[in-house]
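This is what each chain is made of:
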Amino acid sequence: MNTHNPNDFRYRIRRSDDASAHFDGVPLAVRTLSSNTLFQGEHEIGIEHHGALYRLKITRQGKLILNK
């Protein structure tokens, strides 16, 4: 059963013109990278995190998928 509520914005951070976002009135600085910068022309990259390898892929539809 899908419990995702599309109106639940607790974890969604939007960029504003000054590259900061606000959550409950508290400004949050968010480091933002372009997918072009990350992938550099490739469709898949590896991310090592706490000794585990994750794969971040760009799908044919242009979406991102992260797999462990």
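Refer to the preceding data block for the structure.
Here's what I pulled together on the structure shown here.

Regarding the sheet that holds strand S4 (residues 52-58)
And then number 1: An order of S3-S4-S5 is seen for the 3 strands of this open sheet, with the pairing classed as antiparallel. One side of each edge strand has no neighbouring strand; the edge strands of this open sheet are strand S3 (44-49) and strand S5 (64-67). For this sheet, the mean angle separating the axes of adjacent strands, direction not counted, is 25°.
And then number 2: As judged from the 4 bridges shared by S4 and S5, these two strands associate in the antiparallel manner. Its bridge partner lying in S5, Arg55 is registered against Asn67.

Brief notes about unusual backbone geometry
Note: most peptide bonds trans; most residues except glycine with negative phi.
And then number 1: Of note in this structure, Gln40 is not a glycine but carries a positive phi near 45°.
And then number 2: Examined against the element boundaries, Gln40 turns out to sit in the loop between helix H1 (35-39) and S3.
And then number 3: Note on Gln40: relative accessible area 65%, which makes it exposed.

Parameters at a glance
Along each chain, residues carry numbers from 1 onward, in the same order as the chain's sequence is written. Per-residue local features are limited, in this predicted model, to residues with pLDDT of at least 70; the limit for side-chain atom pairs, both in listing and counting, is 80 or more; totals at the level of whole chains, interfaces and linings are taken over all residues. To get the side-chain values, all heavy atoms of the structure are used, and hydrogens and water are removed first. Strand pairing is assigned whenever DSSP identifies at least 2 bridges connecting the two strands. Helix and strand definitions here come from DSSP, where helices need a minimum of 4 consecutive H or I residues and strands a minimum of 2 consecutive E residues; each element is numbered from the N-terminal end. For helices, the fitted line uses only the C-alpha atoms of the stretch in contact; every axis is such a line through C-alpha atoms, and the angle between N-to-C directions lies from 0 to 180 degrees. Partly exposed describes any residue whose relative accessible area lies between the buried limit of under 20% and the exposed limit of over 50%, with all areas from a 1.4 Å probe on protein chains only and scaled to the type maximum.

Just geometry here; none of it tells us what the structure is for.
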